[in-house]
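Analysis of the macromolecular model
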Amino acid sequence: MFCRAMAARLACAAACLIAGLALAPAYAQTLTMRSALSRALEASPRLTAAERDVGIATGQRIQAGALLNPELSYEQDDSLGSGKYRGTRSAETTLQISQAFELFGKREARIAAGAAGIEVAAIQRKAVRLELLSETAIAFLSVLGAQRRIQILDEQIAAIDRLTPLLHRRVEAGASSPAETGRAEVASALVKADRERFKATLASARRELAVLMGDPAAKFGEASGRLDTTGRPPTFQSVVAAIDANPQLVRWTAVYAQRNAELLLARLKPYPDVRIAAGWRHYNETNDDAVRFTVSVPIPVFDQNQGNILSAQESLAKTKAEREANRNMLIVIAGRAYDSLQGSLRELAVLRETAIPKALEASEAISQGYGQGRFTLLEVLDAQASVAQARLREQEALQNFHAGVATIEGLVGNPFTLARESAR
């Protein structure tokens, strides 16, 4: 009986475990760069807002092409007065329909401005998409870098802890002071404190990446990718040349067309439109009917739309300056990112060619010599700290390199073939 009850409990527990695994959310798995970028594009409210701007501009374009509505009017004259005009016996009633006709291409100018507005919104959406991809890539790289730095500190803590048995033997043999045990514990505690600081940095980076992917909190597992391979970027002159294809700059061509159409519309507004009306008039006194036909044209004597024309002219002239200011800003951002990645490459060269190999060599020699009594614990700890610091600097330089690449890619709209392969 007991065996059957135990078997039933085990079966129930196994079923619950299997069900839990089956229901476990997919986003708790390892996260790749490709997946992060895809989820960010799907969840971004900024991209949704940019898409709505396209819809808004489309609606404005449709409205710009709408014809003017006709007007229906009813008039009653010579009624409700005195004498023979008392009541409605002598009334004249008129039922009339009128239509205004826009001339000189005003409707076409509105349509052109609306079409340019759609193009501006569509290009702006591409710019927002590039910005989102760049920001998500940089956030993903921050998570990768923080993960790797914590791993380096864990390795340093493990290396210090491996000294503990040897240290106890040296103290028991009288070769070392008992105070060295406390020194090793202090060294381990300081590294653990650094690790906690990096854990906080990792938590913030994970939250930022999660928000970009549409989650209020990080629900994914570890970020998966490599930062240890780099490539030589193109020249800065080619980067600057490619920036001209950035949607933020391309949109100014559409903005210029839109403002040019608005200027044309402002210039055409003083030209009078024609309103034609036709109606039917009934004379109650004689019971006769007649057709009424009118044509009216406004006379642009007082208002010739000069203020709006001047405003449209200045707005058109302002477009070129705005584009140049935008281009200069993008070049400054690209320059900072380019200088950062070039500096990171030089830093990596020094670290990988000299600092890290020499630090590892010295640490290994000192660790071996410590077991033979030729070096002190302080020298061992210092050598291990040098290795850890060199590796931390390497990871920081790698992260800065790939972040600079991601920033420039977001500006030029094209990936660097070699530089980003290791982070994807």
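Quantities reported herein were computed from a predicted structural model and do not represent experimental measurements. (Residues numbered from 1 in each chain as written. Predicted model: local features only at pLDDT ≥ 70, side-chain atom pairs only at ≥ 80, totals over all residues. Heavy atoms only, no water.)

**A short note on the packing of helix H5 (residues 179-212) against helix H9 (residues 377-412)**
At a minimum axis separation of 10 Å, H5 and H9 run at an interaxial angle of 15 degrees. On the basis of their axis angle, the class for H5 and H9 is roughly parallel. Crossing handedness for the pair H5 and H9: right-handed. Residues Glu180, Arg183, Ala184 and Ala187 of H5 form the contact with H9, whose participating residues are Leu377, Leu378 and Leu381. Broken down by class, the residue content of the contact of H5 with H9 amounts to five nonpolar, no polar and two charged. (Axes fitted to C-alpha atoms, helices over the stretch in contact; angles between N-to-C directions. Helix = DSSP H or I, 4+ residues; strand = E, 2+ residues; numbered from the N terminus. Parallel < 35°, antiparallel > 145°, perpendicular 65-115°, else oblique. Left-handed = near helix turned anticlockwise from the far one by under 90°. Contact = heavy atoms within 4.5 Å. Nonpolar A, V, L, I, M, F, W, Y, C, P; charged D, E, K, R; others polar.)

**A look at unusual backbone geometry**
Its identity is not glycine, yet Phe104 carries a phi of approximately 65 degrees, on the positive side. With respect to the helices and strands, the residue Phe104 is situated in the loop between strand S3 (92-101) and helix H4 (106-172).

**Notes on the packing of aromatic side chains**
Aromatic rings considered in pairs are described by the distance between their centres and by the relative angle of their planes. All told, the structure shown has two aromatic pairs when counted by the stated rule. Consider the rings of Phe104 and Tyr271, whose centres lie 5.0 Å apart with planes at 45 degrees: the pair is tilted. Here the residue Phe104 occupies a position in the loop between S3 and H4, and Tyr271 occupies one in the loop between helix H7 (247-268) and strand S5 (274-283), the gap between them amounting to 167 residues. A residue is classified by how much of its surface remains accessible, and Tyr271, at 43% relative accessible area, is partly exposed. Seen from their ring centres, Phe236 and Tyr338 are 5.3 Å apart, and the 50 degrees between their planes marks the pair as tilted. (Phe/Tyr/Trp six-rings, centres within 6.5 Å; stacked < 30°, edge-to-face > 60°. Buried < 20%, exposed > 50% of the residue type's maximum accessible area, 1.4 Å probe, protein only.)

**Considerations on the side chain of Ser44**
Here Ser44 shows up in the loop between helix H2 (33-43) and helix H3 (45-64). What makes Ser44 buried here is its relative accessible area of 4%. There is a polar contact of 3.2 Å between the side chain of Ser44 and the backbone nitrogen of Leu47. (Polar contact = N/O pair within 3.5 Å; in protein donor to acceptor, adjacent residues only side chain to side chain.)

**Some points on the confidence of the model for the chain**
Per-residue confidence for the chain gives a mean pLDDT of 84, with 88% of residues at or over 70. Mean pLDDT values over the elements of the chain span from 41, in helix H1 (residues 2-23), up to 93, in H3. Here residues 1-27 is modelled with pLDDT under 50, and outside its nearest four sequence neighbours on either side it reaches four contacts, counting other chains as well. Counted against residues more than four places away or in other chains, residues 417-424, with its pLDDT under 50, gives 28 contacts. (pLDDT = per-residue confidence, 0-100.)

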